[in-house]
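Structure at a glance
In case you want the letters, here they are:
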Amino acid sequence: MAMSGGGRADDEPMMDMNTTPLIDVLLVLLIMFIITIPIQSHAVKVDLPQPDNRPQTVVDPVKNKIAINAQGQTFWNGTPVDEVTLTQYLDQTVAMNPQPELHFQPDATARYEVVDGVLAIVKRANVTKLGFVGNEQYRADF
């Protein structure tokens, strides 16, 4: 009888697991994590705008005018504005005592959705003195 290593017979299955491939895979994964982690921690500098503390003088204490042209652009006293800026200007007018008049003049060919959106902003700002200017441009329609 021949003796096999470990005192087992030759026909029994080998019960030891070969861990070399597992260790190789784990080492490769460890190296991959070590390489990729510094890339994720790099900081990106962003120049953010600084707040401007100068007082805004674009709100007239007597009357202000919102106009909408045919392309759908909104203007505050002749200066183009977006919805956020328009809301800020309206908040300033509501805070004034007495509240200045607000004249609203949409172009006859302006899209209804744009005009309705601006009127919704005016309503949310709780403006009490609102007047429609230029209604005579619609006389021919009726």
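Summary of the structure given here. Computed from a prediction, not measured in an experiment: that's the story for all the values here. (Residues numbered from 1 in each chain as written. Predicted model: local features only at pLDDT ≥ 70, side-chain atom pairs only at ≥ 80, totals over all residues. Heavy atoms only, no water.)

1. Re the overall build of the protein chain
For clarity, the cut-off: A run of DSSP states H or I qualifies as a helix once it reaches four residues; a run of E qualifies as a strand once it reaches two. Both are numbered from the N-terminal end. Only protein chains enter the accessibility calculation, which uses a 1.4 Å probe; a residue is then buried when its area is under 20% of its type maximum, exposed when over 50%, and partly exposed in between. In this analysis, two residues are considered to be in contact whenever any of their non-hydrogen atoms come within 4.5 Å of each other. Surface accessibility in these figures is a Shrake-Rupley result with a 1.4 Å probe; residues are shielded only by whichever protein chains are displayed.
Along its length, the protein chain carries three helices and five strands. Starting at the N terminus, the α and β elements of the protein chain follow one another as α-β-β-β-α-β-α-β. The buried share of the protein chain, taken over its 142 residues, is 20%. A separation of at least 24 residues holds for 66% of the contacts in the protein chain among residues at least 6 apart in sequence. With an accessible surface of roughly 11600 Å², the protein chain has 59% of that area assigned to carbon and sulfur atoms.

2. Here we look at the environment of F132
Along the chain, F132 turns up in strand β5 (residues 130–132). The exposure class assigned to F132 is partly exposed, which follows from its relative accessible area of 45%. Measuring from C-alpha to C-alpha, the distance between F132 and H103 comes to 5.8 Å, with 29 residues separating the pair along the chain. Contact partners of F132, with chain neighbours within four places excluded, come to F104 and L119.

3. Side note on the pairing of strand β4 (residues 101–106)
Stated formally: Here, a strand pair is defined by DSSP locating no fewer than two bridges between the strands. The path from the first strand over the helix to the second decides the hand: if it runs clockwise while the strands point away from the viewer, the crossover is right-handed.
Where strand β1 (residues 63–68) lies against β4, six bridges are found, and the strand directions are parallel. Note that in β4 the partner of K65 across the bridge is H103. Across three bridges, the pairing between β4 and β5 is parallel. For H103, the partnering residue across the bridge sits in β5 and is G131. Considered for its hand, the β-α-β crossover made up of β4, helix α3 (residues 112–124) and β5 is right-handed.

4. Things to note about the nonpolar core
What counts is decided by this rule: As used in this record, nonpolar core signifies buried Ala, Val, Leu, Ile, Met, Phe, Trp, Tyr and Cys residues forming a set joined through side-chain atoms within 4.5 Å.
Counting 17 residues, the largest nonpolar core has I66, W76, L86, L90 and L102 as its most contacted members. Going through the elements one at a time, β1, α2 (83–95), β4 and α3 are the ones with two or more residues in this core. With four residues, the single largest contributor to this core is α3. Those residues in contact with I66 that lie beyond four places of it in its chain are T74, F75, W76, L86, L90, L102, H103, F104, Q105, V118 and V122.

5. Description of the sheet that holds β1
Backbone-to-backbone hydrogen bonds pair the strands of a sheet. The strands run either parallel or antiparallel. What counts is decided by this rule: Fitted lines through C-alpha atoms serve as axes, helices being fitted only where they are in contact, and the angles separating the N-to-C directions of these axes extend from 0 to 180 degrees.
Strand order in the open sheet formed by five strands is β3-β2-β1-β4-β5, and the pairing between neighbours is mixed. One side of each edge strand has no neighbouring strand; the edge strands of this open sheet are β3 (79–81) and β5. The sheet shows a mean angle of 30 degrees between the axes of neighbouring strands, direction not considered. Taken together, the three bridges between β1 and strand β2 (residues 74–76) define a ladder with antiparallel strand orientation. Across the sheet, residue I68 finds its bridge partner in β2, namely T74. Packed onto the sheet, α2 meets β1, β2, β3 and β4 and runs at close to 35 degrees relative to β2.

6. A look at unusual backbone geometry
Here the bond from N97 into P98 is cis, since omega is 0 degrees, no more than 30 degrees from zero. On the secondary structure map, P98 appears in the loop between α2 and β4. Positive phi values are uncommon outside glycine, yet N77 reaches one of about 50 degrees. Take N77: it is sitting in the loop between β2 and β3. Accessibility expressed as a relative area gives 35% for N77, which makes it partly exposed. Phi angles above zero are rare outside glycine, and N126 is one such case at about 60 degrees. Following the sequence through the fold, N126 ends up in the loop between α3 and β5.

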